[in-house]
Amino acid sequence: MALKNSQFDLLMRSYNQKQLKNKHELDKRIEEIYQKIPRIQEINEEIASASIVQAKEMLLKGETSALQTLREKLTKLSQERADLLKLSGYPSDYLQMQYECSDCQDTGFIHGEKCHCFKQAVIEMLYTQSNLKEILKTENFQTFTLKYYDNIVKNEITGKTSYENTKDILLTCQKFVKDFDTQNQNLLFYGDIGIGKTFLSHCIAKELLETSHSVIYLSATELFESFSHHSFEQENDSDLGDFVSYILECELLIIDDLGTELSNSFTNSKLFYCLNERFSRKRSTIISTNLTLDFIITIYSERIFSRIFSNYIALKFYGDDIRLKKKLSTNRP
């Protein structure tokens, strides 16, 4: 799932387009101000002229006082320009370049390192590529319903019906989103197939993506394939390396269907590495699995089990297969 060269080039073109758009909009604002406040055009020309004159003085005559004289003149002219803008009802930065990302000034890079906005753009592109955004249009908190969950039969252990249990889980998920920026929490969804684990993961992903958080959603198989390609096949591939770093650093990582991968010493070590790194970096993770707790202990190492159950809110799903109920309801005449 790393970026291809063509995708990287597409992202860079988008940044070039942003820069051109910023320059075009600044030129329009300057033209507008020059027409409404001609004195500002004179001030800008005086600033340019003074800078050239003083630079010549320094170079040709070596006068050190020229720099201080220039600073005083520029300060006076800049203040006059700011006062004129204010009197005419314009903000003080109206004649300055405006950026979508002020940190990198819409270049995508800060001191040669990828900006956070570039990393988010990568994630957005990968989502578009995987069609997950289309799924999130239909699977979100607004479309989630409890009507398919039984509210009669109570679970012997919890004393709750599947309706009551899922309602509590729904509230926990909504609180997870609400507190996301103030509390570092992790969730474990476990239980039978088809009872809402993936759907609620999608609900959380959509809410956080819409508030500009970086979210990566991977099946367990995709997660371990990414680690495998990076470790064994293309160690020098910078795109793969970047994607692995995004997995470790994104604000929320959702690992779906843990246990469906081919479990071995490599997947065990990489799972622990991933979970441990994200915990150390205070990054939230959601794990969804059809495995029971006994099977999780059996398949994965003791340190993985310890890491999950000491740092995750475990939410058990139970009840009838909701997907089957929905299908039967749709096909019913």
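Taking 1.5 Å per residue, 17 residues should reach 24 Å; helix α6 (residues 162-178) reaches 24 Å between its end C-alpha atoms and fits that length. Every buried residue belonging to α6 is among S162, N165, T166, I169, L170, C173, F176 and V177, and all of these are buried. The buried residues of α6 occupy one face: seen down the axis, they fall within an arc of 140°.

This part is about the packing of aromatic side chains. Within this structure, the stated rule accounts for 10 aromatic pairs. Here a set of aromatic residues connected by ring pairs shows up, and it is made of F8, Y15, F109 and F118. Against the face of Y94 rests R29, its NZ or CZ located 5.8 Å from the ring centre. Here R303 stacks its cationic end above the ring of F272, 4.0 Å away from the centre of that ring.

Evaluation of the coordinates by the stated rule reveals zero disulfides. Here C250 is not disulfide-linked; the sulfur of C274 is the nearest cysteine sulfur, at 8.3 Å.

Strand order in the open sheet formed by five strands is β4-β5-β6-β3-β7, with parallel pairing between adjacent strands. Only two strands of the sheet have a single neighbouring strand rather than two, namely β4 (215-219) and β7 (313-317). Neighbour to neighbour, the strand axes of the sheet diverge by 15° on average, direction disregarded. As defined by bridge partners, strand β5 (residues 252-258) adjoins strand β6 (residues 284-289) across five bridges and the pair is classed as parallel. Residue pairing for β6: L253 is matched across the bridge by T285. Contacts from α6 reach β3 (187-191), β5, β6 and β7, with the element oriented near 145° to β7. Helix α7 (residues 197-210) contacts β3, β4, β5, β6 and β7 of the sheet and is inclined by roughly 155° relative to β3.

This paragraph deals with the packing of helix α10 (residues 265-280) against helix α12 (residues 302-311). Two numbers describe how α10 lies on α12: the axes approach to 10 Å, and their chain directions differ by 30°. Between α10 and α12, the crossing angle belongs to the class labelled roughly parallel. Between α10 and α12 lies a crossing whose hand is left-handed. From α10, N268, L271, F272, L275, N276 and F279 reach across to α12, where they touch R303, I304, R307, I308 and N311.

Should their charged atoms come close, side chains of opposite charge can pair. Counted according to the given criterion, the structure contains 15 salt bridges. A salt bridge links K23 to D27, with the shortest nitrogen-to-oxygen separation between them at 2.9 Å. Within this pair, K23 and its partner D27 are both found in helix α1 (residues 5-36), separated by four residues, close to a single helical turn. D27 sits in the partly exposed class, given a relative accessible area of 36%. E210 is the partner of K206 in a salt bridge, and the nearest nitrogen-oxygen pair spans 2.4 Å. Remark: E210 and K206 occur in helix α7; sequence separation between them is four residues, near one turn of the helix. According to the relative accessible area criterion, E210 is exposed, its value standing at 55%. Through salt bridges that share partners, R39, E42, E46 and E80 make up one connected network.

What follows covers the environment of L209. Residue position: L209 is located in helix α7. Between the C-alpha atoms of L209 and Q120, which are 89 residues apart in sequence, the distance is 9.7 Å. Sequence-distant contacts of L209, that is, excluding residues within four places in its chain, are made with Q120, E124, Y127, L136 and V215.

The rules behind these values
- Residues numbered from 1 in each chain as written.
- Predicted model: local features only at pLDDT ≥ 70, side-chain atom pairs only at ≥ 80, totals over all residues.
- Heavy atoms only, no water.
- Helix = DSSP H or I, 4+ residues; strand = E, 2+ residues; numbered from the N terminus.
- Expected span 1.5 Å × (residues − 1).
- Buried < 20%, exposed > 50% of the residue type's maximum accessible area, 1.4 Å probe, protein only.
- Arc of directions from axis to C-beta.
- Phe/Tyr/Trp six-rings, centres within 6.5 Å; stacked < 30°, edge-to-face > 60°.
- Lys NZ or Arg CZ within 6 Å of the ring centre and 35° of its normal.
- Disulfide = S-S within 2.5 Å.
- Pairing = 2+ DSSP bridges.
- Axes fitted to C-alpha atoms, helices over the stretch in contact; angles between N-to-C directions.
- Contact = heavy atoms within 4.5 Å.
- Parallel < 35°, antiparallel > 145°, perpendicular 65-115°, else oblique.
- Left-handed = near helix turned anticlockwise from the far one by under 90°.
- Salt bridge = Lys/Arg side-chain N within 4 Å of Asp/Glu carboxyl O.

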